[in-house]
Amino acid sequence: MEYQTTITFIMEMAGTVAFASSGALVALEKNMDIFGISVLGVVTACGGGMIRDLILGVIPPSVFIHAVYATVAMVTSCLVFLLFYLKRELLGGHFRETFDRIMLIMDSIGLAIFTVVGVNTGIQQGYGDNTFLLIFVGTITGVGGGVLRDMMAGVPPYIFVRHVYACASIVGAGVCVLLQRYFGAVEAMIGASFVVMLMRYLAAHYHWNLPRLQREKGVREHGK
């Protein structure tokens, strides 16, 4: 059990750093100050976990009990700000391309880790037999922080517009639940994390997106 707890904590820290970085990058793109960058970083890293805990009845949410998560997210956000403050040339030229690439990496890592952490938390709270609930809390842990981040930044939520984002989380949560029942918790979390990151990479590389309705230009103008 101690081994499982240690591995889970390491994965949570990696996910916190990844999501805090993605939140800070969005705040940088929106020209926010260091306070806004820190807030967006913390919300991105901790928001999904807070929603998960409220659903599971964990009051107050663990982020308020264990300050290490918010602290790591805030420090990470400040370091991202410091990096771009000292290397302002990174904001010019090919910043958009670099931004998208870094966002893909950080969001994929954070999504994968927090999805499986959400499933594991649901199991620890005694809902191991409730497959639907486990997949739901796994998905909301993975995507919840990003949705809050995008809403606060005033942009369309990433999960609704880019590369089967939420679908990767749903599939990963399902794989994690399945593996938990036949293998150990650590093996399930690592295996399912790999599945989520692989799906995100393939979706970005091959430009996979869910079907959407493409409105004609004349229709858009008429609707304005």
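For the structure, see preceding data.
Residues numbered from 1 in each chain as written. Predicted model: local features only at pLDDT ≥ 70, side-chain atom pairs only at ≥ 80, totals over all residues. Heavy atoms only, no water.

Asker: Any details on the packing of aromatic side chains? Residues and values, ideally.
Answerer: Here the structure, examined in full by the defined rule, presents four aromatic pairs. Here Phe-19 and Phe-114 contribute two aromatic rings whose centre-to-centre distance is 5.5 Å and whose plane-to-plane angle is 15 degrees, an arrangement assigned as stacked. Highlighted residues: Phe-19 in helix α1 (residues 2-29) and Phe-114 in helix α5 (residues 95-124), separated in sequence by 95 residues. Just as Phe-19 is buried, Phe-114 falls in that class too. An angle of 25 degrees between the planes, with centres 6.4 Å apart, marks the rings of Phe-132 and Phe-136 as stacked. Highlighted residues: Phe-132 and Phe-136, both in helix α6 (residues 131-153), separated by four residues, approximately one helical turn. Here Phe-132 falls in the exposed class, since its relative accessible area comes to 67%. When its relative accessible area of 38% is taken as the criterion, Phe-136 is described as partly exposed. (Phe/Tyr/Trp six-rings, centres within 6.5 Å; stacked < 30°, edge-to-face > 60°. Helix = DSSP H or I, 4+ residues; strand = E, 2+ residues; numbered from the N terminus. Buried < 20%, exposed > 50% of the residue type's maximum accessible area, 1.4 Å probe, protein only.)

Asker: Which residues make up the side chain of Gln-180, and what are the values?
Answerer: Inspection of the secondary structure puts Gln-180 in helix α7 (residues 165-180). There is a polar contact of 3.5 Å between the side chain of Gln-180 and the side chain of Asn-120. If sequence neighbours within four positions are ignored, Gln-180 has contacts with Asn-120, Ile-123, Ala-185 and Ala-188. (Polar contact = N/O pair within 3.5 Å; in protein donor to acceptor, adjacent residues only side chain to side chain. Contact = heavy atoms within 4.5 Å.)

Asker: An account of the side chain of Thr-16 is requested, with residue identities and associated values reported.
Answerer: With respect to the helices and strands, the residue Thr-16 is situated in helix α1. What makes Thr-16 buried here is its relative accessible area of 1%. When near neighbours in sequence (up to four residues on either side) are disregarded, Thr-16 contacts Ala-45, Tyr-69, Val-72, Ala-73 and Phe-114.

Asker: Can you lay out the packing of helix α2 (residues 34-56) against α6 for me, pointing to particular residues and giving the numbers?
Answerer: At a closest axis distance of 7 Å, the pairing of α2 and α6 adopts a crossing angle of 145 degrees. Judged by the twist between their axes, the crossing of α2 over α6 is right-handed. Two secondary-structure elements touch here, α2 through Val-39, Leu-40, Val-43, Thr-44, Gly-47, Gly-48, Gly-49, Ile-51, Arg-52, Ile-55 and Leu-56 and α6 through Leu-133, Phe-136, Val-137, Ile-140, Thr-141, Gly-144, Gly-145, Gly-146, Leu-148, Arg-149, Met-152 and Ala-153. The residue inventory of the contact of α2 with α6, partitioned by class, reads 13 nonpolar, eight polar and two charged. (Axes fitted to C-alpha atoms, helices over the stretch in contact; angles between N-to-C directions. Left-handed = near helix turned anticlockwise from the far one by under 90°. Nonpolar A, V, L, I, M, F, W, Y, C, P; charged D, E, K, R; others polar.)

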